[in-house]
Amino acid sequence: MPDQSMKPTPRPGVMDIAAYVPGKDHVEGVAKVYKLSSNETPLGPSPKAIEAMRNLAETLALYPDGQATQLREAIAAKYGLNTKNIICGNGSDELLGLLAHVYLGEGDEAIITEHGFLVYKIQIMANGATPVTVKEKDATVDVDAILAAVTDKTRIVFVANPGNPTGTYVPFSEIRRLHAGLPKNVILVLDAAYAEYVRRNDYEAGLELVAENANVVMTRTFSKIYGLAALRVGWLYGPLEIVGAMDRVRGPFNLNAPAIAAATAAIKDDGFTQHAAAFNAEWIETLTRELTALGLTVTPSVTNFILIHFPDEDGLRAPDADRFLSSRGYVLRAVAGYGFPNALRMSVGTDEANRGVIAALKDFMANKAKTDAA
Ligand SMILES: *Cc1c(COP(=O)(O)O)cnc(C)c1O
């Protein structure tokens with residue numbers, strides 16, 4: 001008889017993970033909801049991507065190309081890269097997980113930043129390694145704080161540039177300084193999920209740094225400006241050694257065929273992407289201006305979302321605003337889990353959604369004036 005008190009046990013660290021909580025997509029009792037909680041584009045994907053995916057419907061019985069060759073070639077052509085240095089993933093989340101899986105184990109440390117993307121921490125802990133969290137400065141990644149945290153156990157540094165949920169960025173000169181200060185056996189991961197939205201001369205996603213070094217990788221996604229979040233497509237540009245190691249452990253068909261087809265069409269449709277970036281830039285400026293005029297503080301954003309900070313007063317804090325906005329159908333993202341208990345993150349939505357949030361927040365802030373006068 002087997003010992004009945006025995007049971008399966010996850011590896012150490014797994015049960016300490018706080019599971020990822022996605023942005024809300026509904027409100028109890030509210031029929032029409034504007035989902036502004038997951039940084040999805042309000043413009044949808046390129047019509048060419050939709051058509052490419054539809055055309056795939058007849059061949060669903062066949063396995064996809066396990067190398068996602070046409071997609072990797074399309075990405076390489078767009079950015080002037082070698083196809084061999086590109087690996088695609090089921091969302092960039094999968095690539096972040098593969099990096100952690102291949103390079104981290106028990107006793108290793110990986111550095112993340114105070115307001116960094118929560119997926120990094122989950123993947124570090126899932127592989128038994130220790131996340132080392134360093135402070136940011138004004139909701140911006142602090143290169144000196146990262147360098148000060150490096151030990152001989154450090155294996156990976158995860159930096160989202162631009163950051164989520166902050167929307168801020170680090171100039172390329174600072175990223176170069178960060179890389180120059182890291183030991184050569186530490187991988188610098190530049191997560192550039194929002195790179196296509198950034199319009200700053202001193203920003204670069206990191207292509208050059210990857211090309212010049214054996215310990216830098218850059219990840220990108222089709223979930224944001226390309227509007228293909230449902231299909232789960234991301235890519236990583238890195239040195240052959242790192243890409244080759246990841247290739248050995250990934251699922252052999254990690255990208256599905258409709259995803260490969262749609263993403264390939266999407267990345268070729270430059271006109272659509274440029275339109276999406278211009279639409280977004282205009283709204284980021286308008287939202288920042290209008291919300292600031294209401295007495296709210298907005299962290300300057302180079303992305304497709306803004307971080308709105310609320311007054312530290314009864315009835316006006318972020319949870320109050322969240323309830324108020326939700327009751328009107330505007331679903332933003334609570335970011336207490338990211339170290340911002342008194343802020344909400346708003347993704348740029350349609351004209352109608354954005355105007356609606358501004359009007360609702362105007363009412364929300366005016367309620368305070370009424371209570372003060374009473
Ligand atoms: C949205 C986002 C991603 C993209 O994730 P996918 O798995 O590609 O959908 C990656 N990193 C950050 C910081 C993000 O905000």
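- Per an unreviewed UniProt entry, the chain carries the name Histidinol-phosphate aminotransferase and comes from Martelella lutilitoris.
- In its Subunit (unreviewed entry) section, the UniProt entry covering the chain states "Homodimer."
- The UniProt entry for the chain carries the following text under Catalytic activity (unreviewed entry): "L-histidinol phosphate + 2-oxoglutarate = 3-(imidazol-4-yl)-2-oxopropyl phosphate + L-glutamate".

**A short note on the site of the ligand**
Moving on, step 1. Around the ligand, the neighbouring residues are Gly 91, Ser 92, Asp 93, Phe 117, Asn 164, Asp 191, Ala 193, Tyr 194, Thr 221, Ser 223, Lys 224 and Arg 232.
Moving on, step 2. One nitrogen or oxygen atom from the side chain of Tyr 194 is found 2.6 Å from an oxygen atom belonging to the ligand.
Moving on, step 3. One of the side-chain nitrogen or oxygen atoms of Arg 232 is found 2.6 Å away from an oxygen atom of the ligand.
Moving on, step 4. For the ligand, the accessible surface in isolation is 390 Å², of which the surrounding protein chains cover 94%.

**As for the sheet that holds strand E5 (residues 154-160)**
Moving on, step 1. Pairing is mixed in the open sheet, where 7 strands are placed in the order E2-E8-E7-E6-E5-E3-E4. The outermost strands of the open sheet, each flanked by one partner alone, are strand E2 (86-89) and strand E4 (130-134). Across this sheet, the average inter-strand angle for adjacent strands is 20°, counted without regard to direction.
Moving on, step 2. Docked against the sheet, helix H6 (residues 172-181) engages E5, strand E6 (187-191) and strand E7 (216-221), running at close to 160° with respect to E6.
Moving on, step 3. Lying on the sheet, helix H8 (residues 240-249) is in contact with E2, E6, E7 and strand E8 (234-237); it crosses E2 at an angle near 35°.

**Some thoughts on the side chain of Arg 345**
Moving on, step 1. Looking at where Arg 345 falls in the secondary structure, it is placed in strand E13 (residues 343-347).
Moving on, step 2. Nearest to the buried, unbridged Arg 345 among oppositely charged side chains is Glu 40, at 8.3 Å.
Moving on, step 3. Polar contacts involving the side chain of Arg 345 include one to the side chain of Asn 39, which spans 3.4 Å.
Moving on, step 4. The residues touching Arg 345, leaving out its near neighbours within four places in the chain, are Leu 36, Ser 37, Ser 38, Asn 39, Asn 164, Pro 165, Phe 305, Ile 306, Leu 307, Leu 332, Arg 333 and Val 335.

**Details of the packing of helix H3 (residues 92-103) against helix H4 (residues 118-126)**
Moving on, step 1. Closest axis-to-axis distance for the H3/H4 pair is 9 Å, and the angle between their directions is 35°. In the crossing of H3 with H4, the sense of the turn from one axis to the other is right-handed. Between H3 and H4, the residues in contact are Asp 93, Leu 96, Gly 97 and Ala 100 and Val 119, Tyr 120, Gln 123 and Ile 124, respectively.

**Brief notes about the packing of aromatic side chains**
Moving on, step 1. Inspection of the entire model under this criterion finds 11 aromatic pairs.
Moving on, step 2. The interplanar angle of 75° and the centroid separation of 5.0 Å between the aromatic rings of Tyr 194 and Phe 305 together place this pair among those described as edge-to-face. Here Phe 305 lies in strand E10 (residues 305-309) and Tyr 194 lies in the loop between E6 and helix H7 (207-212), a separation of 111 residues in the sequence.
Moving on, step 3. On the basis of relative accessible area, Tyr 194 is assigned to the buried category, the value being 2%.
Moving on, step 4. Residue Phe 305 is classed as buried on the basis of its relative accessible area of 0%.
Moving on, step 5. An aromatic cluster of three or more residues is present, and its members are Tyr 20, Phe 117, Tyr 120 and Phe 158.
Moving on, step 6. Positioned over the ring face of Tyr 79 is Lys 78, at 5.6 Å from the centre of the ring.
Moving on, step 7. Cation over ring: Arg 345 sits above Phe 305, and NZ or CZ is 5.6 Å from the ring centre.

The rules behind each value
Residues numbered from 1 in each chain as written. Predicted model: local features only at pLDDT ≥ 70, side-chain atom pairs only at ≥ 80, totals over all residues. Heavy atoms only, no water. UniProt positions renumbered as here; feature names shortened; annotations may be inferred. Near = heavy atom within 4 Å. Polar contact = N/O pair within 3.5 Å; in protein donor to acceptor, adjacent residues only side chain to side chain. Areas by Shrake-Rupley, 256 points an atom, 1.4 Å probe, with all protein chains shown as cover. Pairing = 2+ DSSP bridges. Helix = DSSP H or I, 4+ residues; strand = E, 2+ residues; numbered from the N terminus. Axes fitted to C-alpha atoms, helices over the stretch in contact; angles between N-to-C directions. Contact = heavy atoms within 4.5 Å. Buried < 20%, exposed > 50% of the residue type's maximum accessible area, 1.4 Å probe, protein only. Lys, Arg positive; Asp, Glu negative; His and termini not counted. Salt bridge = Lys/Arg side-chain N within 4 Å of Asp/Glu carboxyl O. Left-handed = near helix turned anticlockwise from the far one by under 90°. Phe/Tyr/Trp six-rings, centres within 6.5 Å; stacked < 30°, edge-to-face > 60°. Lys NZ or Arg CZ within 6 Å of the ring centre and 35° of its normal.

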